[in-house]
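The residues making up each chain are set out below.
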Amino acid sequence: MQNIAVVTGASSGIGAATARRLAREGFHIVAAARRVDRLAALVEEIGAASATAVECDVTSDESVARMAATVTGLGAPVTVLVNNAGGARGVDPVAEGSVEDWQWMFDVNVLGVLRVTKALLPALEASGAGTIVTVGSTAAFTPYEGGGGYVAAKHGTTALVGTLRLELAGKPVRVIEIDPGMVQTDEFTLNRLDGDQARTDAVYAGVKEPLVAEDIADCIAWTATRPQHVNVDRLVVRPIAQAAQHKVHREL
Ligand SMILES: NC(=O)c1ccc[n+]([C@@H]2O[C@H](COP(=O)([O-])OP(=O)(O)OC[C@H]3O[C@@H](n4cnc5c(N)ncnc54)[C@H](OP(=O)(O)O)[C@@H]3O)[C@@H](O)[C@H]2O)c1
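Residues numbered from 1 in each chain as written. Predicted model: local features only at pLDDT ≥ 70, side-chain atom pairs only at ≥ 80, totals over all residues. Heavy atoms only, no water.

For the protein, the name recorded in an unreviewed UniProt entry is Oxidoreductase, with Actinoplanes couchii as its organism. Note on the protein: under the UniProt heading Sequence similarities (unreviewed entry), the record states "Belongs to the short-chain dehydrogenases/reductases (SDR) family." (UniProt positions renumbered as here; feature names shortened; annotations may be inferred.)

(A) Region of the structure containing the layout of surface pockets. Each pocket or cavity is described by its volume, and for the second largest pocket that value is around 160 Å³. Lining of the second largest pocket is provided by Ser11, Ser12, Gly13, Ala16, Ala17, Arg20, Arg38, Thr185, Asp186, Glu187, Ala213 and Glu214. The dominant element in the lining of the second largest pocket, judged by the number of residues it contributes, is helix α1 (residues 13–24), at four residues. Residue classes in the lining of the second largest pocket are distributed as three nonpolar, four polar and five charged. (1 Å grid on protein atoms, 1.4 Å probe; cavity = no way out; pocket = protein on both sides within 12 Å on 5 of 7 lines; lining within 4 Å. Points joined across faces, edges and corners; volume = space filled by probe spheres on them. Helix = DSSP H or I, 4+ residues; strand = E, 2+ residues; numbered from the N terminus. Nonpolar A, V, L, I, M, F, W, Y, C, P; charged D, E, K, R; others polar.)

(B) Main features of helix α2 (residues 36–46). Those residues of α2 not exposed but buried are Leu39, Leu42, Val43 and Ile46. For α2, the angular spread of buried residues about the axis comes to 100°, placing them on one side. Looking at α2, the residues exposed on the side facing more than 90 degrees away from the buried face are Asp37, Glu44 and Glu45. In this fold, the buried residues of α2 make contact with α1, β2 (28–33) and β3 (51–55). (Buried < 20%, exposed > 50% of the residue type's maximum accessible area, 1.4 Å probe, protein only. Arc of directions from axis to C-beta. Contact = heavy atoms within 4.5 Å.)

(C) Quick peek at the nonpolar core. The biggest cluster of nonpolar side chains holds 37 residues, and the ones touching the most others in it are Val6, Met67, Val71 and Leu120. Per-element tally for this core: the top contributor is helix α4 (residues 99–126), with 10 residues. With residues up to four places along the chain from it excluded, the contact list for Leu120 reads Val6, Met67, Ala68, Val71 and Leu81. One finds Phe27, Val82, Ala213 and Ala224 within the second-largest nonpolar core, a separate group that totals 34 residues. (Core = buried A, V, L, I, M, F, W, Y, C linked by side-chain atoms within 4.5 Å.)

(D) The arrangement of the site of the ligand in detail. Around the ligand, a shell composed of 30 residues is seen, among which Ser11, Ile14, Arg34, Tyr150 and Thr185 lie nearest. At 2.7 Å, a side-chain N or O of Ser11 approaches an oxygen atom of the ligand. Separating an oxygen atom of the ligand from a side-chain N or O atom of Tyr150 is a distance of 2.7 Å. Broken down by secondary-structure element, the contributors of at least two residues to the shell around the ligand are α1, α5 (148–167) and α6 (188–192). Partitioning the shell around the ligand into residue classes produces 11 nonpolar, 14 polar and five charged. (Near = heavy atom within 4 Å. Polar contact = N/O pair within 3.5 Å; in protein donor to acceptor, adjacent residues only side chain to side chain.)

Listed below in structure tokens is the structure:
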């Protein structure tokens, strides 16, 4: 079997695009997420010989442990982990922030990365040439109004990634962070805005070409396929229409 690349949040958006792309790069994909029907369709598309679907909720220790056991049970070197599962809930100002939403965002975006990384690190290290790519966000370094919980969570993701890189110095595992700006995926903003399609459409209105999932998959694949001694610490990627978090060119 080919070397294994585990992709969390592979049931939609950036994760699904990354699974397709890394399969083309020659990896055996472990596609992990909660919605197994979508994972099954993805595996069928990629080809069952080159992909395995594994149900995994990154907010559950038990679920992550089961996923890791399945991965190691496949018997091939685990060389890539893409920590992509994540998301945002709400756009409330801090003064009205929902503790429940914030807890969810910390659990998925920070603790989820911790759980999955801990579970797969021994296998990544044992491969002798491991790569951990974590999907952060431009929210990881630029606050914006209404973004408090997501901004704080993605700052937490970055803190985890930066610490891990230091702690793994001398070990055969590189640690990479991809920070996308505005990416138009089917579900990210729709979920954040509680299914409100009109408000979702307004986020992307007049933006000529937002990034799409495949653009980020391309970045992930590029970093993960550099020679092993090359560690792209952090890659910030925005659409050309978004010069900065608050500077979005719209043609309305
Ligand atoms: N779209 C953007 O503008 C943008 C910008 C910067 C960064 N990002 C980041 O990029 C990543 C992917 O975003 P996307 O746009 O592709 O969003 P998306 O389409 O909403 O995908 C999110 C993925 O995360 C998975 N997920 C959510 N909760 C999970 C859980 N508890 N356990 C396991 N998987 C879980 C979902 O799968 P299930 O629901 O099936 O579990 C889904 O596959 C996220 O980390 C996001 O924060 C997105």
